[in-house]
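Examining the three-dimensional arrangement
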Amino acid sequence: MTLTTSLPPSRPNRLLRAAALLKACLAMMAFATTAALGAPMTLGSMTFEAPDDAAGWKTSTVKGGVLFQKEIRPKDGRGRKAAAIIQVLGPFPGSPATLDKGFETVVGLVKGMAAERPMRKTDGKTSNGHRIRTDYRCCTDLKGLSASQWTVGMSSEKHQVAMTLLGLDLRGDARDAVEAEFKAMVRSVSLAPADKPFGVVPSAGEGGLDGVYTHLNTGVRPNVFGGTDFYSDSEITVFDRSGLYATEIPKGGDLAAHCRATPTECGVYKLIGGGLFGGATKIEMRAVKDGFGTIEAETKPFARKGDDLSIDDGDYRLLKPFPAGTTFNGSWRYFFASAGTTALSSGSVSSEKILQLSSNGTFRRTGWSGASTTNDTGGGTTGVTTGSARPAASGRYQISGHTMTLTGDDGRTERLSVFAPDRGSDKLLVIDGSNYLKRE
């Protein structure tokens, strides 16, 4: 396999050396090949959607699989170049029970990576019922480059495949874009002839609930400044009789379309128990946990309480949809603040949003945000304070069901989810997931 870059000959080609080191770790004989990327690719009995060559990916086959590589140049022409290498190994004989051993072997193919502790990991099933395991590790030094790696192992009853994404000095937007391509590729993998495209699809006998429910979740959590914040979130669960559920209200009202577009906000549920002498006593909830399509299942205690539900001993209250044409009259305020102090620094951030709604169907929005940081280093103290005011916006609004549609004076339209967690009261409106308290 020939690897090329456009770095000046006088400058050491660190990306090339790192890629060569990866080949040595794999101990594979490789040869150049041409393949249409961005189209279905077949390896043995397995098919998947390959990364798109139009996005800069180059492909080569290796013993036991295929390799994709991409060089990322800084947009402004300054700074260090980065690179990404995707390897797909398999399919080879195996079962879900033997996946872990092969997974750890693949993690260790890059020198020093096995010593890094996983920063993120999942272990569940794909939408086709195959076991899938993932982890992310960062950052080991590879010939002077900062190397990070996603490792994915997938197994049907007969075959396994291993996939990795190695990032070399990969950061920021470039990292996010490459990871999105890698995750889309993993979701597209078909290991068995009966496999269907990835999707959040209920099976026969699942479902039975219908409505939007809210659950109040409160607590204390650490913030980025070294302090702690109290939080009070009205969490949402949207149940559909088909067996689909979502953790966000679909702004367009179509739950199935919402789950196709944002599967990580969705899952499938099944009521368990009941029969002739009582209702269901448990609920199994299978949620999509990450962009790889990993589905994890939880079984929780369940009971009906009139129109409301009890799930895992938490109260879930049914939210009545607003009739079409509903209007409000008043001003609602959202406020957020976070602060903390460490040994050498302190910081804070805050923001405010004001939404005025009139009974004639008009709205007005204003707001501001600010942040400050202080650092004590080298015997001195430095500080930075910033702030900005949000330009006022106005127009007309419409409310129907759990959707608020704002049409600005400039003609632009915005759809937001909306509900009132307290029945019969508009003191608190939850708009697009944020708490707005009515101002007296």
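Structural data are supplied above this passage.
A brief report on the enclosed structure follows. From a predicted model like this one, the values you see are computed outputs, not experimental measurements.

Within the structure shown, the criterion is met by 18 salt bridges. Taking the shortest distance from any N to any O, the salt bridge between Arg175 and Asp176 comes out at 3.7 Å. According to the relative accessible area criterion, Asp176 is partly exposed, its value standing at 42%.

Phe48, Phe68, Val88, Met163, Phe182 and Val186 are the most contacted members of the largest nonpolar core, which totals 30 residues. When residues of this core are traced back to their parent elements, those giving at least two are strand E2 (40–43), strand E3 (46–49), strand E5 (65–72), strand E6 (82–93), strand E8 (131–142), strand E9 (145–155), strand E10 (159–168) and helix H3 (172–187).

Restricting attention to buried positions, one finds in helix H2 (residues 99–107) the residues Leu99, Phe103, Val106 and Val107. The arc that holds every buried residue of H2, seen down its axis, measures 100 degrees, which confines them to one face.

On to the pairing of strand E18 (residues 314–319), then. Alignment of strand E11 (residues 211–222) against E18, held across 3 bridges, turns out to be antiparallel. Pairing of Tyr213 across the sheet is with Leu318, part of E18. With 3 bridges joining them, strand E17 (residues 308–311) and E18 adopt antiparallel strand pairing. Residue pairing across strands places Ile311 opposite Gly314, the latter belonging to E18. Between E17 and E18, which pair antiparallel and follow one another directly, the connecting turn spans 2 residues, one of which, Asp312, has a positive phi of 55 degrees.

Okay, the environment of Arg304 next. Note that Arg304 resides in strand E16 (residues 295–305). Owing to a relative accessible area of 52%, Arg304 belongs among the exposed residues under this scheme. Residues Arg304 and Thr281 lie 23 residues apart in sequence; the distance between their C-alpha atoms is 8.9 Å. The contact partners of Arg304, leaving out residues within four places of it in the chain, are Gly208, Leu209, Leu271 and Leu309.

Analysis parameters
- Residues numbered from 1 in each chain as written.
- Predicted model: local features only at pLDDT ≥ 70, side-chain atom pairs only at ≥ 80, totals over all residues.
- Heavy atoms only, no water.
- Salt bridge = Lys/Arg side-chain N within 4 Å of Asp/Glu carboxyl O.
- Buried < 20%, exposed > 50% of the residue type's maximum accessible area, 1.4 Å probe, protein only.
- Core = buried A, V, L, I, M, F, W, Y, C linked by side-chain atoms within 4.5 Å.
- Helix = DSSP H or I, 4+ residues; strand = E, 2+ residues; numbered from the N terminus.
- Arc of directions from axis to C-beta.
- Pairing = 2+ DSSP bridges.
- Contact = heavy atoms within 4.5 Å.

Interpretation note: all reported values are geometric properties and have no functional meaning in isolation.
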